[in-house]
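# Breakdown of the fold
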Amino acid sequence: MLLVAGNLRVGITTVGPVLTDIEADLGLTSLAASALISLPLVAFAVVSPFAPALARRLGFERTLGLALAGLAVGLVLRSLPGLPLLWIGTALLGVAIAVLNVVLPAVVKRDFPDRIGQVTGVYSAVQAAFAATAAGLAVPVAGLTVWGWRLPLGMWAGLALITLAVIAPLLRRRTTAPRSADDVSLEPPAVLDPAHPSDRSPWRTAIGWQVTGFMGLQSIGFYVLITWLPSIEESAGIDPAVAGFHQLLLNAFGIAGSLVASALIPRMRDQRLLATLAPLAFAVAVSGVLVAPQLGMVWASLAGIAGGANIVLALSFFGLRTAHHSQAASLSGMAQSVGYLLAAAGPLLMGALHDATGSWTPALAILVALLLVLIGFGWLAGRPRTLR
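Below is a summary of the structure that appears in this document. Values in this document were obtained by computation on a predicted structure and should not be read as measured data. (Residues numbered from 1 in each chain as written. Predicted model: local features only at pLDDT ≥ 70, side-chain atom pairs only at ≥ 80, totals over all residues. Heavy atoms only, no water.)

What follows concerns the overall build of the protein chain. Each helix and strand counted, the protein chain has 16 helices and 0 strands in total. Rg of the C-alpha trace for the protein chain: 20 Å, near the compact-globule value of 21 Å for 388 residues, within the 12% margin. Out of the 388 residues in the protein chain, the part that is buried amounts to 52%. In the protein chain, once contacts between residues fewer than 6 apart in sequence are set aside, the share between residues at least 24 apart is 80%. When the accessible surface of the protein chain is summed, it comes to about 16000 Å², and 70% of that surface belongs to carbon and sulfur atoms. Of the side-chain charges in the protein chain, 22 are positive and 16 negative, and the distance between the mean point of each set is 13 Å. (Helix = DSSP H or I, 4+ residues; strand = E, 2+ residues; numbered from the N terminus. Rg over C-alpha atoms; globule rule 2.2 N^0.38 Å. Buried < 20%, exposed > 50% of the residue type's maximum accessible area, 1.4 Å probe, protein only. Contact = heavy atoms within 4.5 Å. Areas by Shrake-Rupley, 256 points an atom, 1.4 Å probe, with all protein chains shown as cover. Lys, Arg positive; Asp, Glu negative; His and termini not counted. Charge placed at Lys NZ, Arg CZ, Asp CG, Glu CD.)

Here it is as structure tokens:
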């Protein structure tokens, strides 16, 4: 599971650091470069609703294996010569990661029903750590060989193949049923575990939309800061190198926030307190960037902790607010579809608002307002209720 988590973002975070090289080599416009970065998020939004049906048909392990194979192919394709292969490979890796994103929380619900918060927090921290490592290695690795930026874009296919090899013994399974601790047989069970006949679609439930609202709004906040924080700080007169360091703090403290949330969730009767305090802390951090950007180190660190806690909560809700893993997969598909659609649109709209006004103030003010709405969704989604 942790190896799968390590694959979820490395293919995405390697692009930003070498994007200038890609633009120069392939003659991409700024608009095309932005589209290249946004394409995986769009794939997440489009594919996520269909991933639960695929998992029910093939079983969780086979679905993970298929997605990992697709991810490896996509990573290799986009690193090969030819502009069409760059787009095809990027789209394929987006589809593959979308499936992994949806299925992994359902696996947590199935195999660790009493430790959803802890396991989700750990795999979120691993995901963030691998993502940061991939971003940090991109430029140095690109300078090692004549392949340039193509090597860091393609080399993480090796991690996908290693992960596929590790789970290969489980690929004979076609079940989505829970595995007991002493189940070491590789023989597939005789009976599959289809969706429970009494399942309600999360699209038709209040709690489904409350979890989806939390997922979507926290995604907007996180991706807006990941995309624009250095530019916002530089416009306030902060040195680019310092702004880059603050971005590093944002990512590093995100790992800490993930681990803190994973430790707190099982100690609470419900998640309402944490699901309101974490968005509130994020709103305070964004407000700080707006009114006192010279304290950027403080705001980036606070936003990192809050953002890490928010994403762990959002992912944990898929298991905590559902009765069984089939429901968890359906809720995961719904929430991630809407969430990543907002994640893709948020930075673009905030950037467009800045271009139209010549200031980051309106964009940051709107983001603070959205985070205040997120507090309400956190309170609602944090109540101890499940889909029925």
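This brings us to a nonpolar patch on the surface. A cluster of nonpolar side chains, L273, L277, L280 and V284, forms an exposed patch at the surface whose accessible area comes to about 340 Å². Within the secondary structure, L273 sits in helix α13 (residues 272–291). We classify L273 as exposed; its relative accessible area is 51%. (Patch = residues over 30% accessible without salt bridge, like charges linked within 9 Å, V, L, I, M, F, W, Y side chains within 5 Å. Salt bridge = Lys/Arg side-chain N within 4 Å of Asp/Glu carboxyl O.)

The next thing to look at is the pattern of salt bridges. Within the structure shown, the criterion is met by 4 salt bridges. The salt bridge partner of D25 is R150, with a shortest N-O separation of 3.8 Å. Here D25 is found in helix α3 (residues 19–26), whereas its partner R150 is found in helix α9 (residues 150–154), with 125 residues between them in sequence. Relative accessible area serves as the criterion here: at 17%, R150 is assigned to the buried category. For D111, the salt bridge identified is with R110, shortest N-O distance 2.7 Å. Each member of the salt-bridge network shares a partner with another, and the members are E61, R110 and D111.

As a further point, take the packing of aromatic side chains. Using the criterion set out here, one finds 6 aromatic pairs in the structure. Joined through ring pairs, the aromatic side chains of F44, F222, Y223 and Y340 make up one cluster. Taking NZ or CZ as reference, R272 lies 4.9 Å from the ring centre of W379, over its face. (Phe/Tyr/Trp six-rings, centres within 6.5 Å; stacked < 30°, edge-to-face > 60°. Lys NZ or Arg CZ within 6 Å of the ring centre and 35° of its normal.)

It is worth spelling out helix α16 (residues 361–381) at this point. Between its terminal C-alpha atoms α16 stretches 30 Å, which fits the 30 Å expected from 21 residues at 1.5 Å a residue. Within the span of α16, buried status applies to A363, L364, L367, V368, L371, L374, I375, G378 and A381. Projected down its long axis, α16 carries its buried residues within an arc of 140°, all on one side. Taken together, the buried residues of α16 touch α11 (206–235), α13, α14 (296–320) and α15 (325–357). (Expected span 1.5 Å × (residues − 1). Arc of directions from axis to C-beta.)

A separate point is the packing of α11 against α13. Running from amino to carboxyl end, α11 crosses α13 at an angle of 25°, the nearest separation of the two axes being 12 Å. Comparing their axes, α13 and α11 come out roughly parallel. Crossing handedness for the pair α11 and α13: left-handed. Packed against α11, whose contacting residues are F214, G221, F222, L225, L229 and I232, the element α13 presents A275, P279, F282, V286 and V289 at the interface. Its residues assigned to classes, the contact of α11 with α13 comprises 10 nonpolar, 1 polar and no charged. (Axes fitted to C-alpha atoms, helices over the stretch in contact; angles between N-to-C directions. Parallel < 35°, antiparallel > 145°, perpendicular 65-115°, else oblique. Left-handed = near helix turned anticlockwise from the far one by under 90°. Nonpolar A, V, L, I, M, F, W, Y, C, P; charged D, E, K, R; others polar.)

As a further point, take helix α12 (residues 240–264). Across its 25 residues, α12 extends 36 Å between first and last C-alpha, which sits within 8% of the 36 Å expected from 1.5 Å per residue. Within α12 the residues assigned to the buried category are A243, H246, Q247, L249, L250, G254, G257, S258, A261 and S262. At its buried positions, α12 is contacted by α8 (116–142), α11, α13 and α14. Here α12 starts with a cap whose side-chain oxygen sits 2.9 Å from the backbone nitrogen of A241, and that cap is D239. (Polar contact = N/O pair within 3.5 Å; in protein donor to acceptor, adjacent residues only side chain to side chain.)

In terms of nonpolar packing, the biggest core is built from 91 residues, with L71, L100 and V286 touching the most fellow members. Looking at which element gives the most residues to this core, the answer is helix α7 (residues 83–111), with 12 residues. L100 has contacts with V4, L8, L64, A67, L68 and L71, leaving out every residue within four places of it along the chain. Listed in part, the 13 residues of the second largest apolar core include V15, L36, A138 and W149. (Core = buried A, V, L, I, M, F, W, Y, C linked by side-chain atoms within 4.5 Å.)

Now for the packing of helix α6 (residues 60–78) against α7. Between α6 and α7, the least distance of the axes is 8 Å, while the angle of their chain directions is 155°. One way to sum up the angle between α6 and α7 is to call them roughly antiparallel. Handedness of the crossing formed by α6 with α7: left-handed. When its residues are assigned to classes, the contact of α6 with α7 shows 20 nonpolar, 5 polar and 3 charged.

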